Amino acid sequence: MNKTKTIVEIGMLGAIATVLMLFEFPLPFIAPPFYEIDLSEVPVLVGAFALGPMAGATIELVKILINLIINGTNTAFVGEIGNYILGCAFIMPAAFIYKQKKTKTNALLGMIVGTIFLTVFGCLLNAYVLLPTYAAAFGMSIDAIIELGSAVNGNITNVTTFVIIAVAPFNLIKGAAVSIITLLIYKHISPILKGNR
């Protein structure tokens, strides 16, 4: 019964996360408009805290797969794989730390560490994989993408400054927003997910 309940909860949280992916908004003061933030990691992180890190990784996968089925891909799955890696880079450290001792302090520490991982992995993945992939997918050069970044912040002049000035703050803001919302709602939702275990 518990295994079936867990599978249903993973599917439900993955579906909620997919819906939240549809509500994206740009941070025009930080990054070019094609960088849009969403709060789809909130149900993933809630599930990872309540059901464990591996369940969190599975919810992230369900979210990506449902979105892929609904919206398809124009990056030959590289964007989706990148989104999965970045989602896991955020939720897995947070969930592992919280699992050791389930306190508010550990939850906060986990989310801080997860945000740092998200930011570091986000910078590396964007610099070496995602920016070149998106440039190719949209028939642009890397220089054209840098120019879009430069229009937002004149200090962006190359890939390195792009990821430091645009990508890093973008991911820090996303990690902080998801963390704050999760802290506010987790205690109200977790009893439902953990009930009858």
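Residues numbered from 1 in each chain as written. Predicted model: local features only at pLDDT ≥ 70, side-chain atom pairs only at ≥ 80, totals over all residues. Heavy atoms only, no water.

1. Focus: the packing of helix α2 (residues 41-51) against helix α4 (residues 78-100)
- For the pair α2 and α4, the least separation of the axes is 9 Å and the interaxial angle reads 30°. Viewed along their axes, α2 and α4 adopt a mutual orientation that is roughly parallel. Remark: the crossing between α2 and α4 carries right-handed chirality. Contacts between α2 and α4 involve Glu-41, Val-44, Leu-45, Ala-48 and Phe-49 from the first element and Gly-87, Phe-90, Ile-91, Ala-94, Ala-95 and Tyr-98 from the second.
- The residue inventory of the contact of α2 with α4, partitioned by class, reads nine nonpolar, one polar and one charged. (Axes fitted to C-alpha atoms, helices over the stretch in contact; angles between N-to-C directions. Helix = DSSP H or I, 4+ residues; strand = E, 2+ residues; numbered from the N terminus. Parallel < 35°, antiparallel > 145°, perpendicular 65-115°, else oblique. Left-handed = near helix turned anticlockwise from the far one by under 90°. Contact = heavy atoms within 4.5 Å. Nonpolar A, V, L, I, M, F, W, Y, C, P; charged D, E, K, R; others polar.)

2. Brief notes about the confidence of the model for the chain
- Mean pLDDT over the chain works out to 90, with 96% of the residues at or above the 70 mark.
- At the level of individual helices and strands, the chain shows its lowest average pLDDT in strand β1 (residues 25-26), which scores 88, and its highest in α2, which scores 95. (pLDDT = per-residue confidence, 0-100.)

3. Comments concerning the nonpolar core
- Ranked by size, the top nonpolar core spans 29 residues in total, and within it Leu-45, Phe-49, Phe-90, Ile-91, Met-111 and Tyr-186 carry the most contacts.
- Secondary-structure elements contributing two or more residues to this core are α1 (2-21), α2, α3 (53-71), α4, α5 (104-137) and α7 (159-194).
- No other element matches the eight residues that α4 contributes to this core.
- What Phe-90 contacts, discounting residues up to four positions off in sequence, is Glu-41, Leu-45, Met-111, Gly-114, Thr-115, Leu-118, Gly-175, Val-178 and Ser-179.
- By size, the runner-up hydrophobic cluster in this structure holds 17 residues, among which are Ile-37, Ile-156, Val-163 and Val-167. (Core = buried A, V, L, I, M, F, W, Y, C linked by side-chain atoms within 4.5 Å. Buried < 20%, exposed > 50% of the residue type's maximum accessible area, 1.4 Å probe, protein only.)

4. Topic: the packing of α1 against α3
- Contact geometry for α1 and α3: axes closest at 8 Å, N-to-C directions at 50°. One element, α1, and the other, α3, form an angle in the oblique class. Handedness of the α1/α3 crossing: right-handed. Here Ile-10, Gly-11, Leu-13, Gly-14, Ala-15, Ala-17, Thr-18 and Met-21 of α1 come into contact with α3, specifically with Ala-55, Thr-58, Ile-59, Val-62, Lys-63, Ile-66, Asn-67 and Ile-70.
- Here the residues of the contact of α1 with α3 are counted per class, giving ten nonpolar, five polar and one charged.

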